[in-house]
Protein chains: 2
Amino acid sequence: MALMETGKYSQGSVLGSVNPDLASERQTASFSVEKLTAWLDGGAEHTRLRRAVVEAIERDPAFSRENQYFQSQNERYEAAVRKAVHLQKKMDEMGWTDNGPEFKYIYRALSGDLAFLLHRIFIRSISMLGSDKQIAKWIPLATQYQLIGSYAQTELGHGTYLQGLETTAVFDITTQEFVLNTPNISAMKWWPGDMGRSATHTVVFAQLYVKGKCYGLHPFIVQIRSLQDHSLCPGITAGDIGPKMNFEHIDNGYLMLQNVRVPRENMLSKFCEVQPDGTYVRRGSQKINYFTMTTVRISLILDEVVIPLMKACTIAIRYSVVRRQSKLKPGEQEAKILDYQTQQEKLLPQLAAAYAFYFINDYLQELFNRGYREIQRKNFDMLPELHAFSSGFKAMVTQYSTSAVEICLRACGGHGYSLLSGLPSLYTKIVASCIYEGENTILFLQTARFLIKCFMAASTGQPVPPSVTYLAAVTPEKCPAKNKLDFLSPDIYTEAYQHMAARLINSTAAKLQDLIQSGVKKHDAWNQCTVQLAQAAKAHCHYITVKNFAETVEKLETQPGIQKIMKHLCDLFALHGIFSNAGVFLHDGYISGAQMDMVTASYLDLLAVIRKDAVPLVDAFDFTDKTLNSALGSYDGQVYQRLYEWAQKSPTNKQMSPAYERYLKPLLHKTLSKL
Amino acid sequence: MALMETGKYSQGSVLGSVNPDLASERQTASFSVEKLTAWLDGGAEHTRLRRAVVEAIERDPAFSRENQYFQSQNERYEAAVRKAVHLQKKMDEMGWTDNGPEFKYIYRALSGDLAFLLHRIFIRSISMLGSDKQIAKWIPLATQYQLIGSYAQTELGHGTYLQGLETTAVFDITTQEFVLNTPNISAMKWWPGDMGRSATHTVVFAQLYVKGKCYGLHPFIVQIRSLQDHSLCPGITAGDIGPKMNFEHIDNGYLMLQNVRVPRENMLSKFCEVQPDGTYVRRGSQKINYFTMTTVRISLILDEVVIPLMKACTIAIRYSVVRRQSKLKPGEQEAKILDYQTQQEKLLPQLAAAYAFYFINDYLQELFNRGYREIQRKNFDMLPELHAFSSGFKAMVTQYSTSAVEICLRACGGHGYSLLSGLPSLYTKIVASCIYEGENTILFLQTARFLIKCFMAASTGQPVPPSVTYLAAVTPEKCPAKNKLDFLSPDIYTEAYQHMAARLINSTAAKLQDLIQSGVKKHDAWNQCTVQLAQAAKAHCHYITVKNFAETVEKLETQPGIQKIMKHLCDLFALHGIFSNAGVFLHDGYISGAQMDMVTASYLDLLAVIRKDAVPLVDAFDFTDKTLNSALGSYDGQVYQRLYEWAQKSPTNKQMSPAYERYLKPLLHKTLSKL
């Protein structure tokens, strides 16, 4: 196929010179982009450090993602392993360490295309659940990569409900070993990352049996592949689970165990131990196990959810000021699509959400650091609240952001659908966050259980955590707003959210009690309320997110330029939520129909205001072109040139397809019958 | 990698024997599945014919989709071409013709993995837009595959707004040729299917210039590749646009034209012609061009949207009675996940929507057949209504169904995320339907323009089409329902939808007029109302869909068993819509908060009722396992066995990855530094 190599459109020089339609957007910013970036980073010195890390990574061709959209699952896995190995070298070279300040920027710079993430979880689980002796033995082996670890919990037939896991570990007192088995096909470990092709060891979660008695789930270190030649160990069957919607770079694996024996010392025994005579000993609190899951859920919010959403907004908004389509005024040039109200209404609320979730992540990090300090002081009082928060916010942020990324993709029309836009892979990756680390509906229901409990306690005057005291607060029955400007007052909308969340929890609690009092069994009654319970939990998280955004804006008083635009975004996030969930606000008349019209008017007005700063607001996220890896989202806005040049690199353009000689030529030449 | 070939889980015999958890669901069906299937097909004889076609296709190994989830873009393209060529042979062999009754079942049986679909559009556009002479010349060449056609309209910088297309065709009177050019990079044709690698010819839409005057968009037949060796013709640059979210089997292409000359006879000239002396002649109505676009939008609803949604429902619902997770009652076996209210609330409304859209498709087909008959009688009165309906319903059905398929995918947890579930490819394909053949927001606004016009006409007593007379109807101001059972009356909920749709159109028209009267220019006023206009158009389509569903149920009186379950589904579809869009019903108090509680109660009750028939309701869609191509959705429900066996076929399990020798072994053996 004769490709035009040096045709009139292939002027490489165009790339890098900023499209005037994008340049003009940057000239009218109402605030300093650099100041906003520094504030988001937590100070200019953090910005400098982040940029230095990103630059060091991007300068190194070994980390290039240039061909990512053309690679097969095998190629992506190989690249991820290569990069993970290379990263060790790079870190030595740069003097970066796992605990250093640079570390958190490395993942961002690599955009996650890295193997051995489960190796880290392997290390973390031994550190948290292992005895001092186990830590001393295994951690150095792991950190020096004398083994590659994984973490095998989920089974083919069992996910979030851990008690249902079927893998067994039976203590054999005669040999002082545990004998591990996956007794059914549904017991097979399924999904663990790094396990399908890479890992030599894994932490297996299995039901512990001693002398015929089951002691529940426990973690065991199991070697699965030879350190010499990587062949599978005796009794082990393992492999890759095959193609997925994304995460092609990860070798999610399956693992079957048939009478696999590990020494007694391989059960992680910080909290429980089987002694040589078969005596089972439990030490300390089991609750701390929850805290591990809890912290993982919180730790993924920034890197796996908020940053991808910020990227999607950057791509879609930059594209929307470069793309021109149809006319807004007769006789004029075709309009930038971001000048259409409908396009603003698609993208700007997602931009506001990206900021809202960036701030709620800060809030959650702070809450969890506080919780961690308390736990170190052996005070476990905060655990239920932390667990409820991690569940609910993980669910809300992942669900909201997934739908936001999808909106960004669709808002870019056909070009958004091209892998070269970067949006499809952002979507197919973020959608997994709704499922992994706890399925969202189950998580919402865990939050709901906590809220119902607190509501019951609060209504009988018992103390509840500060975050939920509002459940018992007396609020006005009607929203006091008199005109559309009143709805730009954070007090007005925050109170509306509070009222709505409290009402949903209150009314669902009442339904639950009614059912039980009418003779329905407790578990049936609970099941019959779960749709509403999940809704109530979501409403609670939404309320806290709005409240936290408003408080974040308030604290910005020393930076009036930034405060002003952040206030607009906060208003937009809040009013978009009321506009889109009008039913729950109108239901008891707290907001009247006439007031809802005011909300709508203010909401639509805000779109036009924020539209003017849309590009500076995404520029402030400070993603490099290489990080975005998008033909539509680059800083220079040369979208058409880039789409064209990138398409040339596709394997579909590398040679004439064999389909021509095999099928098309015989068809066209009518020699088909002679074949 | 040593894979267990004949291990204890690989008992091929399990496949085919129905999982008892699925079998039990079929024993309690409240209706005859076979009768429902026949009714959906339009009679038992159609069912027989469909099954015969599907069987003939599936028996032929050339049409196998077994490896689809493991194939690269190149491989999928080659397979699609191979199948398209083989299909010609098959049709000859079977005695099937393009106009025969079997034809519509072929595509369903092949699940769309076929090349040359744009070749069909090439033929259709010549048939509709060409002169008799052009038809006589080109159609035989095309139908006998002496050329392969495509259809080049969309450009890199221009989509739905056709007037903005930049490609030019200048009439050269001296040579009696048109000279075609894509003058800018944004003018390059981009996206046309079959064009990137297959087509020899294409219909190019270009701005016609004669003697310096522009006559607007016209279609030209242009040869792009040699019929001898498939090399690109002089002045032509073409290739594949690269990887996309799906449609890997289609060679969507780009095309640049540099002074490409075609004879005067190559402009399709049924409706307009350039005579040898340069005189431009227009014949007949241009409006008929709209009708082509209109019919394409309607014709895609069943195959590209409703059937994929039905497949997704089949997969997710069957999986949800096989998957057991957590306990509903303490001490019992883990529960089927479909027994949880939250899972029912995810899936059953999507099932109801699949039926609703299947029926609205029938309604639209009938409306369009009627319209077509009128047009043949030179009566173009129905065109605006048909255009408005095709736009709005295409947008509503694609948008709703895309989100429904996504819900099905997420409702299957981790396994839904595996390509082997079949759900990711259903999603990534259906999402494109929101973009192609007119971007949905633009389509909604076209419907809104029609509705506003009709509303204005109706309020001044002028006649309007029957489908929109409701805009001027007087309805009660309050919903008359007194208890939750009242909301199971189609009259009650249909009227609620009608009231709501009319109110949204009414209030948006009022806002529009207010803005204009306050001095805002018409186009600005329109833009400021577009968010609400799109909402109003959606509400109109939702109303018609509910009304049509209720009418369809009413007509089922001779089949009471089927009527009963269809009535439940209709109720569910309607009440789910009210529950999920509560705000628009509560806004003016038509439905009160207390009534909304009744809606919610009836809605949740219905979930439990329909849950019992959920599996029979998807069985009635009558998809074969090969059509579903899903490890989760097969008729026998052996999901875990199938996931495991299919994973074995993945290229990631075919050999030890080179990553071991290259990176893992040196890392583990610490020979890295010696490399």
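What you are looking at is a predicted structure, and each value in this text was computed from that prediction instead of being measured. (Residues numbered from 1 in each chain as written. Chains lettered and ligands numbered in written order. Predicted model: local features only at pLDDT ≥ 70, side-chain atom pairs only at ≥ 80, totals over all residues. Heavy atoms only, no water.)

Before going further, it helps to spend a moment on the nonpolar core. In terms of nonpolar packing, the biggest core is built from 330 residues, with Tyr355, Phe357 and Met566 of chain A together with Tyr355, Phe357 and Met566 of chain B touching the most fellow members. Counting residues in each nonpolar core, the second largest holds 40 residues, with Val203, Ile221, Met267 and Phe271 of chain B among its members. (Core = buried A, V, L, I, M, F, W, Y, C linked by side-chain atoms within 4.5 Å. Buried < 20%, exposed > 50% of the residue type's maximum accessible area, 1.4 Å probe, protein only.)

As a further point, take the relation of the copies chain A and chain B. For the match of chain A to chain B, the screw axis carries a shift of 0.0 Å, the RMSD comes to 0.0 Å, and the turn is 180°. These values place the two chain copies in the arrangement generated by a two-fold rotation axis. No C-alpha of chain A approaches the rotation axis more nearly than that of Gly583 of chain A, which lies at 1.8 Å. A high fraction, 100%, of the interface residues of chain A reappear at the interface in chain B, so the copies pair face to face through one surface. (Least-squares fit on C-alpha atoms with pLDDT ≥ 70 in both. Contact = heavy atoms within 4.5 Å.)

Glancing now at the sheet that holds strand 7 (residues 236-240) of chain A. Residue and element names in this part refer to chain A. Strands sit in the order 4-8-7 across an open sheet of three strands; the sheet is antiparallel. Each end of this open sheet is capped by a strand with a single partner; those strands are strand 4 (189-190) and strand 7. Note that strand 4 and strand 8 (residues 253-257) share two bridges and pair antiparallel. By the bridge assignment, Trp190 is partnered in strand 8 with Tyr254. (Pairing = 2+ DSSP bridges. Helix = DSSP H or I, 4+ residues; strand = E, 2+ residues; numbered from the N terminus.)

With that settled, the discussion passes to the packing of helix 14 (residues 490-517) of chain B against helix 17 (residues 560-580) of chain B. Residues and elements named next belong to chain B. Where helix 14 meets helix 17, the closest approach of the two axes is 11 Å, and the angle between their N-to-C directions is 35°. As helix 14 runs across helix 17, the sense of the crossing is left-handed. Across the interface between the two elements, Pro490, Tyr493 and Tyr497 from helix 14 touch Lys567, Cys570, Asp571, Phe573, Ala574, Leu575, Gly577 and Ile578 from helix 17. A breakdown of the residues in the contact of helix 14 with helix 17 according to their chemical character gives eight nonpolar, one polar and two charged. (Axes fitted to C-alpha atoms, helices over the stretch in contact; angles between N-to-C directions. Left-handed = near helix turned anticlockwise from the far one by under 90°. Nonpolar A, V, L, I, M, F, W, Y, C, P; charged D, E, K, R; others polar.)

Bringing the side chain of Thr200 of chain B into the picture now. Looking at the element boundaries, Thr200 of chain B is found in the loop between strand 4 (189-190) and strand 5 (201-210). For Thr200 of chain B, a relative accessible area of 0% translates into the label buried. Once residues lying within four places of it in the same chain are set aside, the contact partners of Thr200 of chain B are Leu668 of chain A together with Leu147, Ile148, Val222, Gln223, Ile224, Arg225, Leu227 and His230 of chain B.

Turning our attention to the packing of aromatic side chains. The tally for this structure, following the rule as stated, stands at 51 aromatic pairs over all chains. Summarising the aromatic geometry, the rings of Tyr355 of chain B and Phe621 of chain B are spaced 5.0 Å apart at their centres and angled 40° between planes, so their arrangement reads as tilted. Of this pair, Tyr355 of chain B sits in helix 9 (residues 341-376) while Phe621 of chain B sits in the loop between helix 20 (614-619) and helix 21 (625-628); the two residues are 266 residues apart in sequence, bridging distant segments of the chain. Both residues of the pair, Tyr355 of chain B and Phe621 of chain B, count as buried. Through pairs of rings, three or more aromatic residues link up here, namely Trp39, Tyr355, Phe357, Tyr358, Phe359, Tyr400, Phe549, Phe573, Phe621 and Phe623 of chain A. When the ring centre of Trp526 of chain A is taken as reference, the NZ or CZ atom of Arg449 of chain A above it lies at 4.1 Å. When the ring centre of Tyr635 of chain B is taken as reference, the NZ or CZ atom of Arg26 of chain B above it lies at 3.5 Å. (Phe/Tyr/Trp six-rings, centres within 6.5 Å; stacked < 30°, edge-to-face > 60°. Lys NZ or Arg CZ within 6 Å of the ring centre and 35° of its normal.)

Residues and elements named next belong to chain A. Taken from the UniProt record, the annotation "binding site: FAD" (unreviewed entry) applies to Thr154 and Gly193. For the annotated residues, spread through 40 residues, the largest C-alpha to C-alpha distance comes to 10.7 Å, consistent with a single compact locus. According to the relative accessible area criterion, Thr154 is partly exposed, its value standing at 29%. Residues in contact with Thr154, not counting those within four places in the same chain, are Gly159, Met188, Lys189, Trp190, Trp191 and Pro192. By secondary structure assignment, the location of Gly193 is in the loop between strand 4 and strand 5 (201-210). Sequence-distant contacts of Gly193, that is, excluding residues within four places in its chain, are made with Leu118, Ser150, Ile250, Asp251 and Asn252. (UniProt positions renumbered as here; feature names shortened; annotations may be inferred.)

Let us look at the interface of chain A and chain B. By convention, interface size is frequently given as the accessible area that disappears when the constituent parts associate. Counting from both sides, the interface comprises 141 residues of chain A and, opposite them, 141 residues of chain B. Our count for the contact surface shared by chain A and chain B stands at two salt bridges. Here Glu439 of chain B ties to Lys346 of chain A by a salt bridge, and the two come within 3.1 Å at their closest N and O atoms. Inspection of the chain A/chain B interface yields 59 residue pairs in polar contact (both at pLDDT 80 or more). (Salt bridge = Lys/Arg side-chain N within 4 Å of Asp/Glu carboxyl O. Polar contact = N/O pair within 3.5 Å; in protein donor to acceptor, adjacent residues only side chain to side chain.)

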